[in-house]
Amino acid sequence: MNLFTKRQETAWEREYQKPRMLSRKNVPHADVVRFMRELKKTGKKEGVPLDVSEMTVLDLGSGTGRNAFYFAEQGARVVGFEFSDTALQLAKRYAENANLSIDYRKQDIGALYPLPDTSVDLAIDVTSSNSLDATGREIYLKEVQRVLKEDGKFFVRALCREGDQNAKVLIRDMPGHEPNTYIHPDLALEEKVFSEAEFRETYEPYFTIERLERSFHYTTVAGRRYKRAFWIARLSKKNAHAS
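For clarity, every value in this text was computed on a predicted model and none was experimentally measured.

1. Looking at the environment of Gly80
By the secondary structure assignment, Gly80 is in strand S2 (residues 77–82). With relative accessibility at 0%, the residue Gly80 sits in the buried group. Here the alpha-carbon distance between Gly80 and Arg93, two residues 13 residues apart in the chain, equals 14 Å.

2. Description of the nonpolar core
In this structure, Leu58, Leu60, Tyr140, Phe154 and Phe199 are the most contacted members of the largest nonpolar core, which totals 30 residues. Among the elements of the structure, strand S1 (56–60), S2, strand S4 (120–126), helix H5 (134–147), strand S5 (148–159), helix H7 (196–203), strand S8 (207–221) and strand S9 (224–237) are those that each provide at least two residues to this core. When near neighbours in sequence (up to four residues on either side) are disregarded, Phe199 contacts Val156, Ala158, Phe194, Ile209, Leu212, Trp231 and Ala233. The next biggest cluster of nonpolar side chains, apart from the first, holds 26 residues, and it includes Phe35, Val52, Tyr104 and Ile232.

3. Topic: empty space enclosed by the protein
With the rule as written, the count across this model stands at 1 cavity of 30 Å³ or more. Lining the largest cavity, in full, are Asp31, Arg34, Phe35, Glu38, Phe155, Arg211, Glu213, Ile232, Ala233 and Arg234. Mapped by element, the contributors of at least two residues to the lining of the largest cavity are helix H2 (30–45), S8 and S9. Here the lining of the largest cavity gets 4 residues from one element, more than from any other, and that element is H2.

4. Side note on H7
The complete set of buried residues in H7 reads Glu198, Phe199, Thr202 and Tyr203. Projected down its long axis, H7 carries its buried residues within an arc of 115 degrees, all on one side. Exposed side of H7, more than 90 degrees from the buried face: Ala197 and Glu201 are the residues found there.

5. With respect to the sheet that holds S4
Across the sheet, 7 strands lie side by side as S3-S2-S1-S4-S5-S9-S8; this open sheet has mixed pairing. Strands with a single pairing partner mark the edges of an open sheet, and in this sheet they are strand S3 (103–106) and S8. Sheet twist, expressed as the average angle between the axes of neighbouring strands with direction ignored, equals 15 degrees. As paired strands, S8 and S9 are joined by 14 bridges and run antiparallel to one another. Of the residues in S9, the one forming a bridge with Ser215 is Phe230. Sitting on the sheet, helix H4 (residues 85–97) touches S2 and S3, and the angle it makes with S3 is about 170 degrees.

6. So, the pattern of salt bridges
All told, the structure shown has 20 salt bridges when counted by the stated rule. Of the charged contacts, one joins Asp103 and Arg77 as a salt bridge, the two residues approaching to 3.9 Å between their closest N and O atoms. In this pair, Asp103 is assigned in strand S3 and Arg77 in strand S2, connecting sequence segments 26 residues apart. Taking the shortest distance from any N to any O, the salt bridge between Lys149 and Asp121 comes out at 3.2 Å. In this pair, Lys149 sits in strand S5 while Asp121 sits in strand S4, placing the two residues 28 residues apart along the sequence. Residue classification places Lys149 among the partly exposed positions, given a relative accessible area of 27%. Overall, Asp121 belongs to the buried group, its relative accessible area being 15%. Within the structure, one salt-bridge network assembled from shared partners comprises Lys6, Glu9, Asp85 and Lys106.

Calculation rules
- Along every chain, residues carry numbers that run from 1 in the direction the sequence is written.
- Totals for whole chains, interfaces and linings use all residues, but because this is a predicted model, local features are given only for residues with pLDDT of at least 70 and pairs of side-chain atoms are given and counted only at 80 or more.
- Excluding hydrogens and water, the side-chain values take into account all heavy atoms of the structure.
- Secondary structure is summarised from DSSP: a helix means a run of H or I of at least four residues, a strand means a run of E of at least two, and numbering begins at the N terminus for each.
- Burial classification: accessible surface area is computed with a 1.4 Å probe over protein chains only, and a residue below 20% of its type maximum counts as buried, one above 50% as exposed, and the rest as partly exposed.
- The nonpolar core is taken to be a set of buried Ala, Val, Leu, Ile, Met, Phe, Trp, Tyr and Cys residues, with the residues joined through side-chain atoms within 4.5 Å.
- Here a residue-residue contact requires only that any non-hydrogen atoms of the pair lie within 4.5 Å.
- Using a 1 Å grid laid over the protein atoms alone, points where a 1.4 Å probe fits but cannot get out form a cavity; open sets with protein on both sides within 12 Å along at least 5 of 7 lines form a pocket; any residue with an atom within 4 Å of a point counts as lining.
- Grid points are joined across faces, edges and corners, and a volume is the space filled by probe spheres set on the points.
- Directions are taken from the helix axis to each C-beta atom, and the arc is the one they span.
- In this analysis, strands are considered paired if DSSP registers two or more bridges between them.
- Fitting a line to C-alpha atoms yields each axis, with helices limited to the stretch in contact; the angle taken between N-to-C directions then spans 0 to 180 degrees.
- Basic side-chain nitrogens of Lys or Arg form a salt bridge, by our definition, when they fall within 4 Å of a carboxyl oxygen of Asp or Glu.

Following this line, the structure appears as structure tokens:
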């Protein structure tokens, strides 16, 4: 583990131990629920109903399991990657209490994945990969592309630069070590913010962007509310990386 990744892990571990931003409520993210509703609707229209109970879902940065629970309750096989020990302990306890079988693993999402090729129907990244550096992000892209089945889908919620004044101020005043990154003043976490062009440039070599839209959400950190912008993306696997 390099120094950058170690610092990020320490920041997340501290946040899960004493949350200043994260909620420990075990309800799925609204954007994930909306994405699945649209996916099911599309499948029905195309005459290929989506059976979640037949799916293998990879939750990247699964935290305390709020999204993993959502899929497991519908019968999916769920693998959750998370590198905060505190988050993993909480997630496993919640799953046990709910009598749900979820395969949680301590895993950096910017490192090689211990999963076979073409073994995952759906991967979800709910504002997790924003914590990766360029090296980790390249591995994450290649690994998600590798483990997705040929008809696999990828849901991404990422920090958006356009329309986010708070992000622009943080990039100016608390810059990280790479372009369009900042050090969060409350969490000591380095985060990446994407312009639309940069998001497309990052993901399109590996995935087809079926849908990309911007959304706004108020985030509370240490008792202060901020209006943040996010990219909501529906992606599908490309058969080969365009070199």
